[in-house]
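Coordinate inspection notes
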Amino acid sequence: MFLYLEEMEQRGIGARRELRNWFVFVFILEVLWTGASAQIRYSVQEEVQVGTVVGNLAKDLGLDKSALKERGYRVVTGSSDPFFQLNQDDGILYVKKTIDREEVCERSVPCLINLKTMLDNPLEIHYVTVEILDINDNSPVFLEKEKHLEISESALPGARFQLQAAKDHDVGQYSVHQYKLSHNELFRIEVKDRGEDHKVPFLILQKQLDRETVAQHKLRLTAVDGGKPANSGSIDIIINVLDVNDNSPVFSKDDSVTINENVPAGTVVIQVNATDLDDGANGEVVYSFGDEVDAKLMELFEIEPVTGEIKVKGQIDFEKRRKYEIDIKASDKGSVPLTADKSVIINVVDVNDNAPEIEVTSLFTSIKEDSKTGTTVALISVRDLDSGLNGKVTCSINQNSPFMLSPSLQENMYAVVTKSHLDREIISNYDVTITAHDAGKPSFSAKKTINVVVSDVNDNSPEFSLTPYTFYLNEDNNPGASVFSVKASDKDEGDNALISYHISRDANVDNKLVSFLNMNPETGVITALKSFDFETVKSFQFQVVATDSGSPSLSSNATVNVFILDQNDNPPVILYPVNSNGSAEGVEEIPRNVNAGHLVTKVRAYDADVGYNGWLLFSLQQVSDHSLFGLDRYTGQIRTLRSFTETDEAEHKLVILVKDNGNVSLSATATVLVKVVEPKEAFAASDVKSSAKVDEDTDVTFYLMITLGSVSVLFIISIIVLIAMQCSKSTDYTSKYLQETNYDGTLCHSIQYRSGDKRYMLVGPRMSIGSTIVPGSHANTLVLPDRRRPSEEVGWCSEFLSMLSE
């Protein structure tokens, strides 16, 4: 788009219409060019006002204006103070600061500024080229105000004299367009066009000079550019006419040479040669650079005055300049030297002296671990200042990373994308190294490392430290006190690893005891809201759930098995003699003629506790004659110790104490009145009482059988559960419970178990021979000699379970 604001203000209505038509024509060409090329191209004049519209990128690219800001549409530039600014609201590109084409591009034609525009989400890159158009804001300028020439009168018509060229910083039609010489009959001006807006004026002699007629000629040379209106600059040329030496040196031929860049100083590039037909000093030629040779060029090359050898003086860099054209002047040594000019062209050949450069255009700070394969992580661009194969670059990436390089449509542009699944729990960040090699010999390379952070997603469920959990809880625990705790961990991080706990209260599972448990959701500590009774429930099971705080959250559960441990909280209950009015009392009649060892009666009792807490011992608390009656401390049987004599009392009172073996033992008492009768009376009494006592014994036996059956069933169920659990565990981790084979069915229990390398037994009314009470075992544990190896013990468990199933 061309903007001729200042010219339109200065011209008339007709000129404005002409410019408007020209603007429409150029704009149509611009649109056609944009559609045919791979990138958008605009034009804007230098020195235009800040805020001038360059072009509507959104319209030309077909982008939705309403989504530009949301997609982060911007101009990507490496400059801290760019020339252009993109409005994200309407997608229009504006001039941000005043542009001086001569400062930006010097004399390069065309003057192009390449822009890269980017939309972030989704990623989209467009390339825009803005051409800076020149305006006629510079006039031609000569470095000197006047030029002195000495021309021999013997100079023939057609002699050429190179003059100083005017410098004009503008280019194209606004650069030096022509030279004009003030009116005269002896000289004319001729211009040699060397390209790149470089026109060199030569003064051409038209008629032979006559010093005796005019010794000095004064001319004015005017340089005019092609602007409308045109700008100009002038220099005065003063020509002094000399006599004699009338032959100029002549170069043999035009010379062109090729050299490699970075050749060492002192290297001879070329040797020029010129001859002079004059004799003596007028024919001796010396060489020098032309008057118009740039000072920078003389820092790179030097010429030997006598031999004409041109040597390298400074550093030759192909990337700075690929071709040099040097003006060589040959002068004779006449009193009035004659000169000849020649151009030597030096072409520079590239060598591989630049390593590739890697630039990270865009880098995403983190990438989610569940990102799909092919997700873009970063955009990189590569360049090499060399040319040809020396500038051809190939890129690679370290193979031990889950990333790869994907080339883009733009040359030397790559995207770093994922090539495999990422897992933050294994590796949380990667150092991705990109290596660029050029194709030169020897090859140069460059490396760039970028850090890619893998962000967490909630892809790991909490894990309990144990599953299932097994806890042992004493009955009669304190309500509200913590009883046990569970612990879970999560491999994720942040909120994804923040765990809360709760007890599963599944409506389909009938477990009323769970309602009496409370769980701290943060610590996993479980408290009991009530006291548990071993006699009511011996074990129960429930589920605990650990849930993380991710979105969506993940959870896992664990089974908790709770076994209630018995405490001595039940006193013995006397079954016979039968309780009456709060006391157990009975009357037994025996004949006087019984022998020693006669069974008088048997005291029957039971205890709802188990183990030592339910192991009952009988003792005589009170007896009228210790020599007459004896009590078996385990069975409760009362027997006569001797035969009765005539002097023995006819009635005896025995008070029997029944005591369990708990740590704090509980007890009950029973009173038995023994009446000694004569044999006949005993038989008669026994006949009378037999019918009445049959019913009583029947009732007592019935209740005793119910009690024994209930306790035995509960005991057997508990033993089976414990044996099944212990047989599934290692011997060292927990105890193994075994049924005592010598148990005779009396109203207490007897179990064996193993802990570590020792075997223990909770005994009932009859202990095994050789057993001893272990100190510190609360008087309810016996140590048994271990005659069974671990393997035999495991085999015993399996055999016992098999026996129970049968």
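Along each chain, residue indices are assigned from 1 in the same order as the chain's sequence is written. The model is predicted, so local features are restricted to residues of pLDDT at least 70 and side-chain atom pairs to those at 80 or more, both for listing and for counting; the totals for chains, interfaces and linings are taken over all residues. Hydrogen atoms and water are omitted, and side-chain values are computed over all heavy atoms in the structure.

**A short note on the sheet that holds strand 21 (residues 309-312)**
Through backbone hydrogen bonds, the strands of a sheet pair up, either in parallel or in antiparallel fashion. Pairing is antiparallel across the open sheet formed by three strands, whose spatial order is 17-21-20. Only two strands of the sheet have a single partner each, and these edge strands are strand 17 (268-271) and strand 20 (301-303). Neighbour-to-neighbour, the strand axes of this sheet turn through a mean angle of 20°, independent of strand direction. As paired strands, strand 20 and strand 21 are joined by three bridges and run antiparallel to one another. Looking at the pairing, isoleucine 303 lines up with isoleucine 310 of strand 21. A pair of strands counts as paired when DSSP detects no fewer than two bridges linking them. Helix numbers and strand numbers start at the N terminus; a helix is a DSSP run of H or I with at least 4 residues, a strand a run of E with at least 2. Axes here refer to lines fitted to C-alpha atoms; in helices the fit is confined to the stretch in contact. Angles between the N-to-C directions go from 0 to 180 degrees.

**Structural notes on a nonpolar patch on the surface**
Each patch is built from residues that are more than 30% exposed by relative accessible area and take part in no salt bridge. Like charges join if they lie within 9 Å; nonpolar side chains (Val, Leu, Ile, Met, Phe, Trp, Tyr) join within 5 Å. All accessible-area figures derive from a Shrake-Rupley calculation using a 1.4 Å probe, and residue coverage is judged against the displayed protein chains alone. The salt bridge criterion pairs a side-chain nitrogen of Lys or Arg with a carboxyl oxygen of Asp or Glu, the two atoms within 4 Å. A surface patch of nonpolar side chains, amounting to about 230 Å² of accessible area, comprises Val713, Ile717 and Val721. Position of valine 713 relative to the elements: it lies in helix 6 (residues 679-727).

**Let's talk about the pairing of strand 13 (residues 216-225)**
Strand residues, when the strand is regular, have side chains that alternate between the two faces of the sheet. Only protein chains enter the area calculation, which uses a 1.4 Å probe; residues under 20% of their type maximum are buried, those over 50% are exposed, and those in between are partly exposed. Burial analysis of strand 13 places seven of its 10 residues in the buried class, which makes it a mostly covered element. Bridge count for strand 10 (residues 176-181) against strand 13 is five bridges, and the pairing is antiparallel. For glutamine 178, the partnering residue across the bridge sits in strand 13 and is valine 224. Bridge analysis of strand 13 against strand 14 (residues 232-242) gives nine bridges, and the strand direction is antiparallel. Residue pairing for strand 14: lysine 218 is matched across the bridge by isoleucine 238. Hairpin remark: strand 13 followed by strand 14, antiparallel, with six residues in the connecting loop.

**Re the pairing of strand 30 (residues 429-438)**
Across five bridges, strand 27 (residues 393-397) lies against strand 30 in antiparallel orientation. By the bridge assignment for strand 30, cysteine 395 is matched with alanine 436. Pairing analysis gives nine bridges linking strand 30 to strand 31 (residues 445-455), with the strands arranged antiparallel. The residue of strand 31 that forms the bridge with aspartate 431 is asparagine 451. What sits between strand 30 and strand 31 in their antiparallel hairpin is a turn of six residues.

**Some points on the pattern of salt bridges**
Note on pairing: side chains with opposite charge can pair once their charged atoms come close. Here the structure, examined in full by the defined rule, presents 20 salt bridges. Salt-bridge contacts for aspartate 291 lead to lysine 147; the nearest nitrogen and oxygen are separated by 3.8 Å. Of this pair, aspartate 291 sits in the loop between strand 19 (285-289) and helix 5 (295-300) while lysine 147 sits in strand 8 (residues 146-152), and the two are 144 residues apart along the sequence. Glutamate 185 serves as the salt-bridge partner of lysine 207, at 3.9 Å between the closest nitrogen and oxygen. Of this pair, lysine 207 sits in the loop between strand 12 (199-205) and strand 13 while glutamate 185 sits in the loop between strand 10 and strand 11 (187-193), and the two are 22 residues apart along the sequence. For glutamate 185, a relative accessible area of 57% corresponds to the exposed category.

**Focus: the sheet that holds strand 22 (residues 323-332)**
As summarised here, the arrangement of the four strands in space is 16-23-22-19, forming an open sheet in which the pairing is mixed. Each edge of the sheet is formed by a strand with only one pairing partner; in this case those strands are strand 16 (255-260) and strand 19. Averaged over neighbouring strand pairs, the angle between their axes works out to 30° when direction is ignored. Sheet topology places strand 22 next to strand 23 (residues 339-349); nine bridges connect them, and they run antiparallel. Looking across to strand 23, one finds that lysine 323 is bridged to asparagine 347.

**A word on the nonpolar core**
Core analysis: the largest hydrophobic core is formed by 28 residues, its most contacted members being Phe301, Ile316, Ile328 and Ile346. Listing elements by their share of this core, those giving two or more residues are strand 16, strand 17, strand 19, helix 5, strand 20, strand 21, strand 22 and strand 23. Any two residues whose heavy atoms approach within 4.5 Å are treated as being in contact. Excluding its chain neighbours within four sequence positions, the residues that come into contact with isoleucine 316 are Ile259, Glu261, Asn262, Val263, Leu300, Phe301, Tyr324 and Val348. Definition of nonpolar core: a set of buried residues of the types Ala, Val, Leu, Ile, Met, Phe, Trp, Tyr and Cys, connected through side-chain atoms within 4.5 Å. The next biggest cluster of nonpolar side chains, apart from the first, holds 27 residues, and it includes Leu473, Ile499, Ala528 and Val544.

**Some words on the environment of valine 578**
By the element assignment, valine 578 lies in the loop between strand 41 (573-576) and strand 42 (579-580). Measuring from C-alpha to C-alpha, the distance between valine 578 and alanine 670 comes to 8.9 Å, with 92 residues separating the pair along the chain.

That is the geometry; function is a separate question.
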